[in-house]
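An overview of the molecular structure
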Amino acid sequence: MIIEPFINEKTLQIAYYINAVINQSLHYTELDTFIIDTMEEWTLLKVNDETPGSAKERVFWHLVHEMSLHGAQSLNYDLYFKSEITTCLDFFSGTGSYPIDCIGWRPLP
């Protein structure tokens, strides 16, 4: 699998998981598990630093890093964090602009 299809698929999935946690229709541990599984899948791709990225990919990795740092449970009680994350989801859906503080660097194996 090349990077763009991977990011496109995972963007849809992470948006689903985050929205489900926010709506409390999915336990936050499922989102944490998704993040771990996604990182494991990423290591199977042959990616180097010269492979170009996109704005969508940067926002995706920003989300992954933020969720790893704060934990999905933070979506339930940290309103600022929840707002930052929903701004990223709005960007994915085309209803928002690129998040101001987004620093999404792809991990390299």
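Presented here is an overview of the structure given in this document. Just so we're clear, the structure is a prediction, and the values are computed from it rather than from any experiment.

Glancing now at the state of the cysteines. Scanning all chains against the criterion turns up zero disulfides. Cysteine Cys-88 is unpaired, with the sulfur of Cys-102 as its nearest cysteine sulfur at 5.5 Å. On the basis of relative accessibility, which here comes to 9%, the residue Cys-102 falls in the buried class.

This next bit is on the nonpolar core. With 29 residues, the main nonpolar core has Ile-14, Ile-18, Leu-31, Leu-63, Met-67, Leu-75 and Phe-92 as its most contacted residues. Counting residues per element, the ones that place at least two in this core are α1 (3-22), α2 (28-44), α3 (55-70) and α4 (79-93). In terms of residues, this core owes the most to one element, α1, which gives eight residues. Not counting the four nearest positions on each side in its chain, Leu-63 is found in contact with Ile-14, Ile-18, Ile-85, Cys-88, Leu-89 and Phe-92.

Here we come to α3. With 16 residues, α3 extends 22 Å between its outermost C-alpha atoms, agreeing within 8% with the 22 Å of an ideal straight helix rising 1.5 Å per residue. Every buried residue of α3 is accounted for by Glu-57, Val-59, Phe-60, Trp-61, His-62, Leu-63, Val-64, Glu-66 and Met-67. In this structure, the buried residues of α3 make contact with α1, α2 and α4. Positive phi appears at Gly-71, one or two residues downstream of α3, with a value of about 85°.

Next up on the list: the pattern of salt bridges. Any two side chains of opposite charge can pair, so long as their charged atoms come close to each other. Under the defined criterion, the tally for this structure stands at two salt bridges. With a shortest N-O distance of 3.0 Å, Lys-10 and Glu-41 are connected by a salt bridge. With Lys-10 in helix α1 and Glu-41 in helix α2, this pair connects stretches of sequence that are 31 residues apart. Residue classification places Lys-10 among the buried residues on the basis of a relative accessible area of 4%. Judged by relative accessible area, Glu-41 falls into the partly exposed class, the value being 33%.

Reading the values: the criteria
- Residues numbered from 1 in each chain as written.
- Predicted model: local features only at pLDDT ≥ 70, side-chain atom pairs only at ≥ 80, totals over all residues.
- Heavy atoms only, no water.
- Disulfide = S-S within 2.5 Å.
- Buried < 20%, exposed > 50% of the residue type's maximum accessible area, 1.4 Å probe, protein only.
- Core = buried A, V, L, I, M, F, W, Y, C linked by side-chain atoms within 4.5 Å.
- Helix = DSSP H or I, 4+ residues; strand = E, 2+ residues; numbered from the N terminus.
- Contact = heavy atoms within 4.5 Å.
- Expected span 1.5 Å × (residues − 1).
- Salt bridge = Lys/Arg side-chain N within 4 Å of Asp/Glu carboxyl O.

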